[in-house]
Amino acid sequence: MEFATRTIHAGQPSEPGTGSLIAPIFQTSTYEQDAPGCHRGFDYSRTNNPTRARLEAVLADLEGVPHAAAFASGLAAENAILQAYLTPGDEIVIPQDVYGGTYRILNKVFQPMGCVVRQIDIGDTAAFEGALNSRTRLVWIESPTNPRLLVYDIAAVCQAAHRHGALVVVDNTFATPLFQQPFALGADIVVHSVTKYLGGHSDLIQGAVLAKDEALFEPVKFLQNATGAVPSPFDCWLTLRGLKTLELRMQRHADNAEAIAEALIGHPLVQRVYFPGLPTHPGHDIARRQMTGFGGMVSFELAGTVDEVVSFVSSRRFFALGESLGGVKSLLCHPARMTHASIPAEARAALGLSDTLVRLSPGCEHRKDLVADLLEGLATLQQAREAQVVLA
Ligand SMILES: Cc1ncc(COP(=O)(O)O)c(C=O)c1O
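Residues numbered from 1 in each chain as written. Predicted model: local features only at pLDDT ≥ 70, side-chain atom pairs only at ≥ 80, totals over all residues.

## Section: the overall build of the protein
Helix and strand counts for the protein come out as 14 helices and twelve strands. For 392 residues, the compact-globule formula gives about 21 Å, and the C-alpha radius of gyration of the protein, at 22 Å, lands near that figure. Expressed as lengths along the three principal axes of its C-alpha atoms, the size of the protein is roughly 85 × 50 × 35 Å. Restricting to contacts in the protein with at least 6 residues of sequence separation, those with at least 24 account for 73%. (Helix = DSSP H or I, 4+ residues; strand = E, 2+ residues; numbered from the N terminus. Rg over C-alpha atoms; globule rule 2.2 N^0.38 Å. Contact = placed C-beta atoms within 7 Å.)

Right, here's the structure in full:
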């Protein structure tokens, strides 16, 4: 079955009792039992719920593995993985670019518990090999990364990590299973902020953990119930609805991102464009090899001041200024002050995260409108500069 067909059919039969084409929202906390402990697979909705079960089935299918657990947020999913696999003294290796919330949970929650966080350039083979040792339990990567869309060679990362007995977690939020299949490249665990492209409509917060191996999945599944950060049946239903158009949406997002990257590159007010589809992008060749599309995100560094960035991002017509990404309605953000503000300024500078970086999440609007909106914003900055020169 092809990907688009699976998003609509996998794990989603019509409801047997009524024939309802789309399964209902099982909005229930509990289930009537025939005798104590004798039930039909569902006893309490924190433990299991038919709407959530359908969602987990389709997510597992799309990532090509048997196991999925849905969580109340991407970070709850991350927390379950970290809690399942890290014990004090264990080490985790992460790349330079990682979502600010991932950086925060590692440095503010797991490091104080005695875990060692090594943040290095995973693309630098010598630095990466040097960071791995017998205490390395996890290697955690995003690819493409948030916010600079850096691309890592997942197969090479997995081979090196596995040589040292470490597990590899891939955050596949930006690529989605449509464009990238981390398990086929050797990943042990995949995590998603379902909030983004999988949900796709900026109307829910949700996460998921996927695993191919039962033994690796079991502790995460246990924590899903034991710590209880589960999504509501309604949110699961919304994701099931969103997933049905994942392929259509992703193709549109990717086309829009490409058009925007091409429009921005070479613009005098744009210092650098980050989009894996550009041949000048350092990870372009790897992206071509391990992805089937370059994704829907574009970032760029403005050749200007932070005040100019603030003015630009605050006044776009179609790009709403907001946290998050991956919805049908375009969003943009200023990572230094928003998504990545939890990384201290000195650490951001050391990581090469510019304060003039702008991250764009083109939605499903028409590319002409999106490109025009961005170019108009840059033209306004240019005019403001020229007016200042005249006044001076
Ligand atoms: C790449 C990535 N992973 C994980 C998360 C966390 O997900 P959530 O916001 O659903 O908790 C985010 C949120 O922006 C993200 O961008």
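## Description of the environment of isoleucine 265
Here isoleucine 265 is to be found in the loop between helix 10 (246-264) and strand 8 (270-274). Here the alpha-carbon distance between isoleucine 265 and phenylalanine 300, two residues 35 residues apart in the chain, equals 9.0 Å.

## Let's talk about the sheet that holds strand 12 (residues 357-361)
In any sheet, the strands associate via hydrogen bonds between backbone groups, in a parallel or an antiparallel arrangement. With mixed pairing, five strands are arranged side by side in an open sheet as 8-9-12-11-10. The sheet terminates laterally at strand 8 and strand 10 (320-321), the two strands that pair on one side only. Relative to strand 11 (residues 331-333), strand 10 runs parallel, the two sharing two bridges. Bridge assignment links leucine 321 to a residue of strand 11, and that residue is leucine 332. Along the sheet, helix 10 contacts strand 8, strand 9 (298-302) and strand 12; its crossing angle with strand 9, the most-contacted strand, is approximately 20 degrees. (Pairing = 2+ DSSP bridges. Axes fitted to C-alpha atoms, helices over the stretch in contact; angles between N-to-C directions.)

## A few points about the environment of alanine 10
One can find alanine 10 in the loop between helix 1 (3-9) and helix 2 (50-63). The partly exposed category is assigned to alanine 10, around which 18 C-beta atoms lie within 10 Å. On a C-alpha basis, the gap between alanine 10 and tyrosine 99 in space is 30 Å, while along the polypeptide they are 89 residues apart. Excluding residues that lie within four positions of it along the chain, alanine 10 makes contacts with Ala57, Val58 and Asp61. (Buried ≥ 20, exposed ≤ 12 C-beta atoms within 10 Å, placed from the backbone.)

## Some words on unusual backbone geometry
A cis amide bond links serine 143 to the next residue, proline 144, at an omega of -5 degrees. Look at serine 324: it is not a glycine, yet its phi comes out positive at around 85 degrees. Positionally, serine 324 belongs in the loop between strand 10 and strand 11. Accessibility expressed as a C-beta count within 10 Å gives 17 for serine 324, which makes it partly exposed.

## A look at the packing of helix 2 against helix 9 (residues 233-243)
Put simply, helix 2 and helix 9 touch, their axes get as near as 8 Å, and they point 35 degrees apart. The hand of the helix 2/helix 9 crossing is left-handed. Residues Thr51, Arg52, Arg54, Leu55 and Val58 of helix 2 pack against Pro233, Cys236, Trp237, Thr239, Leu240 and Leu243 of helix 9. Of the residues contributing to the contact of helix 2 with helix 9, the split by class is seven nonpolar, two polar and two charged. (Left-handed = near helix turned anticlockwise from the far one by under 90°. Nonpolar A, V, L, I, M, F, W, Y, C, P; charged D, E, K, R; others polar.)

## Considering the domain arrangement of the protein
With domains assigned, the protein is organised as domain 1 (3-243) and domain 2 (246-391). Once you take the C-alpha centre of each, domain 1 and domain 2 turn out to be 27 Å apart. On the side of domain 2, 33 residues touch domain 1, which itself brings 31 residues to the contact. Mapped by element, the contributors of at least two residues to the side of domain 1 that touches domain 2 are helix 1, helix 4 (100-110) and helix 7 (176-179). Ranked by the residues each element gives to the side of domain 1 that touches domain 2, the list is headed by helix 4, at four residues. Looking at the side of domain 1 that touches domain 2 residue by residue, the class counts come to 17 nonpolar, ten polar and four charged. (Domains from an automatic or database assignment.)

## Some details on helix 9
For an α-helix, the turn length of 3.6 residues means that residues three or four places apart are oriented alike. The buried count for helix 9 comes to nine of eleven residues, which makes it a mostly enclosed element. Within helix 9, burial applies to Pro233, Asp235, Cys236, Trp237, Leu238, Thr239, Leu240, Gly242 and Leu243. The elements touched by buried residues of helix 9 are helix 1, helix 2, strand 1 (67-71) and helix 10.

## Remarks on the site of the ligand
Around the ligand, a shell composed of 13 residues is seen, among which Ser73, Gly74, Leu75, Ser193 and Thr195 lie nearest. A per-class count over the shell around the ligand returns three nonpolar, eight polar and two charged. (Near = placed C-beta within 6 Å.)

## Some details on the pairing of strand 9
Burial analysis of strand 9 places four of its five residues in the buried class, which makes it a mostly covered element. Pairing geometry for strand 8 and strand 9, over four bridges, is antiparallel. Bridge assignment links arginine 272 to a residue of strand 9, and that residue is glutamate 301. Judged from the four bridges that link them, strand 9 and strand 12 form a sheet pairing that is antiparallel. When the bridges of strand 12 are listed, phenylalanine 300 appears paired with valine 358.

## What to know about helix 6 (residues 154-163)
All buried positions along helix 6 are accounted for by Ile154, Val157, Cys158, Ala160 and Ala161. Against helix 5 (125-131), strand 4 (136-142), strand 5 (167-171) and helix 11 (284-290) lie the buried residues of helix 6. Backbone geometry just downstream of helix 6 places glycine 165 in the positive-phi region, at approximately 75 degrees.

## Focus: the sheet that holds strand 5
Taken together, the seven strands give an open sheet; going across it, the order is 1-7-6-5-4-2-3, and neighbouring strands pair in mixed fashion. Each end of this open sheet is capped by a strand with a single partner; those strands are strand 1 and strand 3 (116-120). Ignoring strand direction, the axes of neighbouring strands in this sheet form an average angle of 20 degrees. Note that strand 4 and strand 5 share five bridges and pair parallel. Residue isoleucine 141 lies in a different strand from strand 5, and its bridge partner there is valine 170.

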